[in-house]
Amino acid sequence: MPPNAQTSTSTTPSSTTTRKPGHDLTNIGPVEKFLIQRTKKGPLCAALIDPEDFSPKQASDTAARAIDAGASLILVGGSTLANQGRLDSVVKAIKGHRQSHQNHARSQVPVILFPGNITGVSRFADAILFSSLLNSTNPYFIVGAQALGSIEVYKSGIESIPMAYLVFGNSSATSFIGQVNGLPTSKPNLAVIYALAAKYLGMRTLYLEAGSGSGEPIPAETIRAVRRIYDGLLIVGGGLTTPEAAKRAAKAGADVLVIGNLLQSFGFEKTLRQITISIRSQSK
Ligand code: 1GP
């Protein structure tokens, strides 16, 4: 952590600050390494907790149940999150539960921020998907929020994973809030040119987002087309609620499948377990 990280009120990092893994452009941090190594063996399932939908206790219980059902990472965030204190409480609850548990699998699972705005930063997380919403029409979501939020990331010392975020369609909360020019699901070539831009800009992770609760997950054809030209970590989410849909996405080349909405349904573990088993069958 940088000197005076927790006490400084300055927004200017000290020039004498020692470099830490998360701040070094040439150094990939431990969480990203973990993801790269694990996804080399096969696709992973991420459980997405939106602090707007869960109390800290519900979040930690849900995360624990998701891990027991086979989730390999926990994402925390949402597009309408306004209360950073709530985010801190949720992240702490999930990590506290995880660390106090004897179950080795649970204690190994990283808790990663998936921010929709500057309120999405918590120093208690293991890493942050530091993302740019490349197909937003508003520069705030491409780089403005990132500049405003960057100092909190710096001060916290948490690992930053550079990510391009691409949103499909125009009817999700994410597309509305992020003011996106939604990518058409039926035009894989448009996704491909954005994915190439992400690659050439050095973004090591790419998230194809259909929108939470979408009735139309990202088509396999689009994932396949992007996979052909993008060799970084490929995350896919939105509307993945069945083992069949998850398997299609994994088979098409997704490295990480994000499951959000499903976690709010009673007895979600059964379906989540089927999902994690079905994507494991795509092991490389
Ligand atoms: C939303 O991609 C994620 O940002 C997850 O989508 O809630 O539909 O699973 P669901």
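So, here is what we can say about the structure in this document. None of the values given here were measured: they were computed from a predicted structure.

With 18 residues, helix 5 (residues 139-156) should cover 26 Å at 1.5 Å per step; its first-to-last C-alpha distance of 25 Å lies within 8% of that length. The axis of helix 5 is deflected most strongly, by about 40°, at Gly149. Considered for burial, the residues of helix 5 that qualify are Phe141, Ala145, Val153, Lys155 and Ser156. Looking at the buried positions of helix 5, the neighbouring elements they touch are strand 4 (127-133) and strand 5 (159-167). In the stretch just after helix 5, Gly157 is the one whose phi turns positive, near 75°.

So, on to the packing of helix 9 (residues 243-252) against helix 10 (residues 268-280). As a packed pair, helix 9 and helix 10 sit with axes 8 Å apart at the nearest point and diverge in direction by 30°. Considering their axes alone, helix 9 and helix 10 lie roughly parallel with respect to each other. The interaxial crossing formed by helix 9 with helix 10 has right-handed handedness. Residues Pro243, Ala246, Lys247 and Ala250 of helix 9 touch helix 10, and the partners they reach there are Gln274, Ile275, Ser278 and Ile279. Among the residues making up the contact of helix 9 with helix 10, the classes are represented as 5 nonpolar, 2 polar and 1 charged.

Below, the discussion takes up helix 2 (residues 56-68). Look at helix 2: 18 Å from first C-alpha to last across 13 residues, which is about the 18 Å you get at 1.5 Å a residue. Looking one or two residues beyond helix 2, the residue adopting positive phi is Gly70, at roughly 115°.

Rules used throughout
- Residues numbered from 1 in each chain as written.
- Predicted model: local features only at pLDDT ≥ 70, side-chain atom pairs only at ≥ 80, totals over all residues.
- Helix = DSSP H or I, 4+ residues; strand = E, 2+ residues; numbered from the N terminus.
- Expected span 1.5 Å × (residues − 1).
- Bend = angle between axes of the 7 residues up to and from the residue.
- Buried ≥ 20, exposed ≤ 12 C-beta atoms within 10 Å, placed from the backbone.
- Contact = placed C-beta atoms within 7 Å.
- Axes fitted to C-alpha atoms, helices over the stretch in contact; angles between N-to-C directions.
- Parallel < 35°, antiparallel > 145°, perpendicular 65-115°, else oblique.
- Left-handed = near helix turned anticlockwise from the far one by under 90°.
- Nonpolar A, V, L, I, M, F, W, Y, C, P; charged D, E, K, R; others polar.

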